[in-house]
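# Structural overview for review
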Amino acid sequence: MLGRRLYSTASRFITSAKPTNGFVGAIGNTPLIRINSLSKETGCEVLGKAEFMNPGGSVKDRAALFVVEDAERKGLIKPGGTVVEGTAGNTGIGLAHVCRAKGYKCVIYMPNTQSQEKIDLLRMLGADVRPVPAVPFDNPDNYNHQAKRFAESLSNAVWTNQFDNTANRQAHIETTGPEIWAQTNGKVDGFTCATGTGGTFAGTTRFLKEASEGRVKSFVADPPGSVIYSYVKSPGKELQRQGSSITEGIGQGRITANLQPDVDLIDDALCIPDSQTIAMLYRLLDEDGIYLGASSALNVAAAYEMAKILGPGKTIVTMMCDGAYRYQSRLFSRKWLESKGLVDAIPAHLQKYIALE
């Protein structure tokens with residue numbers, strides 16, 4: 001005789017989603033999570049796109065797939081070829097996964113300022129990782145230029161050029177934007193996130209603006225040390241850098257080809273200091289159980305500010321790009337936080353989460 005049912009409360013966990021076609025088939029269609037603490041405080045629906053639930057662990061899986069498939073369509077790479085990219089980390093991780101799934105070799109040039117967790121993961125995924133000194137884009141030894149030169153020295157190789165390859169932006173016009181629109185039933189009022197390549201922000205903004213006939217407001221978020229905030233506020237007259245940031249993979253010193261077509265769609269800009277980013281990172285962990293990296297925490301902090309600006313009753317969406325596990329040796333280290341002058345930015349009752357020396 002069968003025993004008593006043990007799954008009477010399980011129906012909310014059951015989905016009708018069918019198996020995906022390998023790794024690449026699992027990219028996208030991430031959940032949109034209501035951030036309860038901020039929604040309750042602001043009277044808005046503050047929603048985060050859970051991009052850390054992509055199979056490679058970040059929003060950059062989307063761009064990685066699109067730039068590789070763009071190269072395939074154009075005949076720039078053939079089976080057994082090599083994909084080369086300059087990346088601060090997550091695009092490289094996405095590319096490493098996609099390359100393994102498709103049978104390509106992967107070479108990554110990256111600034112030597114990136115977290116060890118990212119470097120280790122790339123190598124474990126089989127990528128040839130080449131950390132180089134961090135220098136400005138106009139320096140010929142910038143990691144992007146080195147990646148380009150190396151790809152040009154090989155046969156059957158492509159430099160995917162994530163910053164200025166608009167297949168990156170197209171990924172979000174075709175996937176991220178439509179997903180957000182469907183998940184909110186078209187009732188989104190505001191979108192905000194930071195830019196690195198500009199692909200996520202620009203592509204998602206483009207789709208939401210067109211779908212809503214311009215109703216959706218789009219605020220670009222920017223860390224210290226980036227020029228985007230000054231560019232938007234000037235408007236278009238200044239590219240000023242001030243300070244530096246603990247965030248990785250966001251902030252920019254120029255207007256990329258991915259961002260350029262949609263600059264005129266930006267309604268406002270928000271500059272989020274590291275003190276606000278780190279406080280939000282720890283708050284989300286404590287109050288919502290959401291474990292995010294610094295760039296994602298900056299995005300949520302921007303959504304919080306946008307909610308206060310637009311007022312109660314609005315629906316605000318941002319991108320939760322990746323989880324904190326790729327940065328935990330820094331973000332939860334007292335010694336590292338002290339070196340950045342950020343311990344005091346974390347409320348006393350949340351400092352219990354500083355688990356590492």
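This write-up is about the structure you can find in this document. Every chain is numbered on its own, with residues counted from 1 as its sequence reads. Side-chain atom pairs in this predicted model are given and counted only at pLDDT of 80 or more, local residue features only at pLDDT of at least 70, and totals for whole chains, interfaces and linings cover all residues. Heavy atoms from the whole structure form the basis of all side-chain values; hydrogens and water molecules are not counted.

### Observations regarding unusual backbone geometry
- Looking along the chain, the bond that leaves S234 and enters P235 is cis, with omega of -20°.
- Checked against the element boundaries, P235 lands in the loop between helix 9 (228-233) and strand 9 (268-271).
- If you check the backbone angles, E213 has positive phi at about 55° while not being a glycine.
- Note that E213 resides in the loop between helix 8 (199-211) and strand 8 (217-222). Secondary structure elements are defined from DSSP: runs of H or I of at least 4 residues count as helices, runs of E of at least 2 residues count as strands, and each element is numbered from the N terminus.

### Considering the nonpolar core
- As used in this record, nonpolar core signifies buried Ala, Val, Leu, Ile, Met, Phe, Trp, Tyr and Cys residues forming a set joined through side-chain atoms within 4.5 Å. Exposure classes here rest on a 1.4 Å probe applied to the protein chains alone. A residue is buried below 20% of its type maximum, exposed above 50%, and partly exposed in between. Counting residues in each nonpolar core, the largest one holds 25 residues, and the members touching the most others are I35, L38, V46, M280, L284, V300 and M320.
- When sequence neighbours within four positions are dropped, the list of residues in contact with M280 reads L38, A297, V300, A301 and Y304. Here, residues are in contact when the closest pair of their heavy atoms is within 4.5 Å.

### Some thoughts on the pattern of salt bridges
- Within this document, salt bridges are pairs made up of a side-chain nitrogen of Lys or Arg and a carboxyl oxygen of Asp or Glu, the two lying within 4 Å of each other. Using the criterion set out here, one finds 24 salt bridges in the structure.
- With its nearest N and O atoms 3.2 Å apart, the salt bridge here joins K308 to E305. Linking K308 with E305, this pair stays in helix 11 (residues 294-310), spanning 3 residues, or about one helical turn.
- We classify K308 as partly exposed; its relative accessible area is 45%.

### A closer look at the environment of G92
- Within the element layout of this structure, G92 appears in helix 4 (residues 90-102).
- Dropping the residues within four chain positions of it, G92 is found in contact with T87, I108 and L122.

### Structural notes on helix 6 (residues 143-152)
- Along helix 6, the residues that are buried comprise Y143, N144, Q146, A147, F150 and A151. Down the axis of helix 6, the sector holding all buried residues measures 160°, keeping them to one side.
- In this fold, the buried residues of helix 6 make contact with strand 3 (82-86), strand 4 (105-111), strand 5 (128-132) and strand 6 (157-159).
- Two or three places before N144, at the opening of helix 6, N142 has a side-chain oxygen 2.8 Å from that residue's backbone nitrogen. Directions from the helix axis toward the C-beta atoms define the arc. Definition of a polar contact: a pair of N or O atoms within 3.5 Å, with one able to donate and the other able to accept a hydrogen when the atoms are protein atoms, and with sequence-neighbouring residues admitted only if both atoms are side-chain atoms.

### Topic: the sheet that holds strand 2 (residues 45-50)
- Criterion used throughout: strands pair if DSSP finds at least two bridges between them. As summarised here, the arrangement of the 6 strands in space is 1-2-10-7-8-9, forming an open sheet in which the pairing is mixed. Here the strands that pair on one side only, and so sit at the sheet edges, are strand 1 (32-34) and strand 9. Ignoring strand direction, the axes of neighbouring strands in this sheet form an average angle of 25°.
- The pairing of strand 7 (residues 190-194) with strand 8 spans 5 bridges and is classified as parallel. Residue pairing for strand 8: F191 is matched across the bridge by S218. In this analysis, axes come from line fits to C-alpha atoms, helices being fitted only over the stretch in contact, and the angle between any two N-to-C directions falls in the range 0 to 180 degrees.

### Describing the side chain of S333
- Mapped onto the elements of the fold, S333 is located in the loop between helix 12 (328-331) and helix 13 (334-339).
- Of note is the side chain of S333, whose polar atom sits 2.7 Å from the backbone oxygen of E357.
- The residues touching S333, leaving out its near neighbours within four places in the chain, are Q328, I354, L356 and E357.

### Some points on the environment of Y304
- Among the secondary structure elements, Y304 is positioned in helix 11.
- A relative accessible area of 13% means that Y304 is categorised as buried.
- For the pair Y304 and A134, spaced 170 residues apart in sequence, the C-alpha separation works out to 32 Å.

### Some thoughts on helix 7 (residues 167-183)
- Taking 1.5 Å of rise per residue, the 17 residues of helix 7 would be expected to cover 24 Å, and the 24 Å separating its terminal C-alpha atoms lies within 8% of that figure.
- Maximum bend of helix 7: about 35°, positioned at I173.
- Along helix 7, the residues that are buried comprise A167, N168, R169, A171, H172, I173, T176, G177, E179 and I180.
- Two residues or fewer after helix 7 comes N185, characterised by a positive phi angle close to 55°. What a helix should span is 1.5 Å times the count of its residues minus one. In this analysis the local bend is the angle between axes fitted, respectively, to the seven residues ending at and the seven residues starting at the residue.

Purely geometric numbers; function is a separate question.
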